[in-house]
Amino acid sequence: MFDLAAIYRISVDQAEIDRAVARIAPATGQAAHADLRLAIACMDLTTLQGDDTEDRVRALCARAKAPLPGDPTLTTAAVCVYHAMVPAARAALSGSQVPVAAVSAGFPHGLSPLSTRIAEIHASVAAGATEIDIVIRRGHALTGDWQALYDEVSAFRAACGTAHMKAIIATGELTDATMIARASTVCMAAGADFIKTSTGMEKVNATLPAGLIMMRAISEWHDQTGTRVGFKPAGGIGTADLALQWLALLRTELGEAWMTPALFRFGASRLLDDIVARLAGD
Ligand SMILES: O=C[C@H](O)COP(=O)(O)O
């Protein structure tokens with residue numbers, strides 16, 4: 001049962017969030033090396049470009065299956081593409097354990113007709129995507145229409161069936177910390193398996209303060225319901241140093257239980273290159 005009144009009671013102190021982010025202590029030395037390998041294992045290796053081709057997607061899938069030269073044991077968590085590229089990705093990843101994630105529901109803006117957004121999800125699931133990254137319609141959050149947001153995300157949840165659903169909040173387009181926390185909680189109430197910061201196409205994408213607000217919403221949801229919802233920062237995470245900061249924040253806020261591809265993902269198109277270069281230099 002969706003508790004609308006509880007959503008209005010959520011309130012976040014931005015200054016306290018900023019103080020907590022200032023205390024982040026990224027791993028160093030061997031611990032950093034282990035965290036960077038974890039970052040690869042937790043990565044949704046992504047291409048979401050207007051000039052994507054099947055050849056580019058096949059090359060991305062080859063990297064997803066063997067992301068770290070000389071280490072056949074490691075893969076990325078998933079490959080993330082537009083719907084049109086799902087069949088090529090599926091074919092390229094056949095025989096591996098790497099799933100295909102499709103961005104959907106009117107990605108990146110979420111403003112096409114609801115029936116179209118739902119049909120998109122059905123089509124991607126039918127094409128073999130087992131993870132679906134939906135976007136919320138930001139207007140519902142910006143106008144405080146939490147019931148409408150809940151109803152839409154619930155419809156997306158139903159359309160996903162057994163596919164894992166990641167709900168993109170687009171934090172850079174929401175106005176404050178409380179709105180980010182409320183949107184996160186509504187998406188979890190509607191059945192999101194993961195909540196995700198950004199599409200990568202907002203003017204402001206994944207930020208540590210917004211991520212911390214979402215992690216705390218996940219922690220509170222776990223305390224209230226016993227359900228562990230995953231977290232995916234995405235957009236603009238391109239360096240090993242930044243990945244280490246995110247993992248330090250995750251470890252502090254949600255703990256080791258979340259430090260697994262089942263509950264944490266980086267959505268990233270360039271991060272793998274920087275991590276591979278860093279690990280090669282270690
Ligand atoms: O969902 C993933 C993002 O679109 C990736 O963003 P990025 O290209 O800035 O890494």
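What you are looking at is a predicted structure, and each value in this text was computed from that prediction instead of being measured.

S.K.: Quick one: what's the story with the overall build of the protein, residue by residue and with numbers?
M.R.: Of regular secondary structure, the protein possesses 12 helices and 8 strands. The C-alpha atoms of the protein give a radius of gyration of 18 Å, which matches the 19 Å a tight globule of 282 residues would have. For the protein, the spread of C-alpha atoms along the principal axes amounts to about 55 × 45 × 35 Å. When each of the 282 residues of the protein is scored for burial, the buried share is 55%. Relative to all contacts within the protein whose residues are 6 or more apart in sequence, the contacts with residues 24 or more apart total 77%.

S.K.: Before we move on, can you summarise the pairing of strand 5 (residues 164–168) with the specific residues and values?
M.R.: For a regular strand, side chains alternate in direction, first toward one face of the sheet and then toward the other. In terms of burial, strand 5 is largely enclosed, as 4 of its 5 residues are buried. Alignment of strand 4 (residues 131–135) against strand 5, held across 5 bridges, turns out to be parallel. Bridge pairing in strand 5 links Glu131 to His164. Pairing of strand 5 with strand 6 (residues 194–196) involves 3 bridges; the strand directions are parallel. Bridged to Ile168 within strand 6 is Lys196. Handedness of the β-α-β unit built from strand 5, helix 9 (residues 177–189) and strand 6 comes out right-handed.

S.K.: Lay out the sheet that holds strand 6 in plain terms, naming residues and giving numbers.
M.R.: Two strands in a sheet stick together by hydrogen bonds in their backbones, pointing the same way (parallel) or opposite ways (antiparallel). Strand order in this open sheet of 8 strands is 7-6-5-4-3-2-1-8, and the pairing throughout is parallel. Edge strands, defined here as strands with exactly one partner in the open sheet, are strand 7 (230–232) and strand 8 (266–268). Across the sheet, the mean angle separating the axes of adjacent strands is 25° when strand polarity is ignored. Here 3 bridges tie strand 1 (residues 43–46) to strand 2 (residues 78–81), and the two strands are oriented parallel to one another. In the sheet register, Leu45 faces strand 2, and the bridge partner there is Val79. Contacts between helix 8 (residues 146–160) and the sheet are confined to strand 4 and strand 5, with strand 5 contributing the most and set at about 150° to the helix.

S.K.: Requested: an account of the site of the ligand, with residues and values cited.
M.R.: The local shell around the ligand consists of Thr46, Leu48, Lys196, Thr199, Gly200, Ala234, Gly235, Gly236, Gly267, Ala268, Ser269 and Arg270. At a separation of 2.5 Å, an oxygen atom of the ligand approaches a polar side-chain atom of Ser269. Notes on the ligand: free accessible area 310 Å², of which the protein chains cover 91%.

S.K.: Account for the pattern of salt bridges, naming residues and giving values.
M.R.: Taken as a whole and assessed by the stated rule, the structure comprises 24 salt bridges. A salt bridge links Lys166 to Asp133; the nearest nitrogen and oxygen atoms lie 3.0 Å apart. Residue Lys166 is located in strand 5, and its partner Asp133 is located in strand 4; the two are separated by 33 residues in the primary sequence. You can call Lys166 buried: its relative accessible area is 1%. When the shortest N-O distance is used, the salt bridge between Lys196 and Asp133 registers 2.8 Å. On the criterion of sequence distance, the pair formed by Lys196 in strand 6 and Asp133 in strand 4 is long-range, its members being 63 residues apart. Exposure remark for Asp133: the relative accessible area of 0% places this residue in the buried category. Several salt bridges share partner residues, and in doing so they unite Asp44, Glu131, Asp133, Lys166, Lys196, Lys232 and Arg265 into one network.

S.K.: Run through unusual backbone geometry, naming residues and quoting values.
M.R.: In this chain, Phe107 is followed by Pro108 through a cis amide linkage whose omega measures 5°. Within the secondary structure layout, Pro108 lies in the loop between strand 3 (100–104) and helix 6 (114–126). The phi dihedral of Ala105 falls on the positive side, at around 65°, and the residue is not glycine. The topology assignment puts Ala105 in the loop between strand 3 and helix 6. Even without a glycine there, the phi angle at Ala170 is positive, about 60°.

Rules used in this analysis
- Residues numbered from 1 in each chain as written.
- Predicted model: local features only at pLDDT ≥ 70, side-chain atom pairs only at ≥ 80, totals over all residues.
- Heavy atoms only, no water.
- Helix = DSSP H or I, 4+ residues; strand = E, 2+ residues; numbered from the N terminus.
- Rg over C-alpha atoms; globule rule 2.2 N^0.38 Å.
- Buried < 20%, exposed > 50% of the residue type's maximum accessible area, 1.4 Å probe, protein only.
- Contact = heavy atoms within 4.5 Å.
- Pairing = 2+ DSSP bridges.
- Right-handed = clockwise from strand over helix to strand, strands pointing away.
- Axes fitted to C-alpha atoms, helices over the stretch in contact; angles between N-to-C directions.
- Near = heavy atom within 4 Å.
- Polar contact = N/O pair within 3.5 Å; in protein donor to acceptor, adjacent residues only side chain to side chain.
- Areas by Shrake-Rupley, 256 points an atom, 1.4 Å probe, with all protein chains shown as cover.
- Salt bridge = Lys/Arg side-chain N within 4 Å of Asp/Glu carboxyl O.

Purely spatial values, then, with no claim about function.
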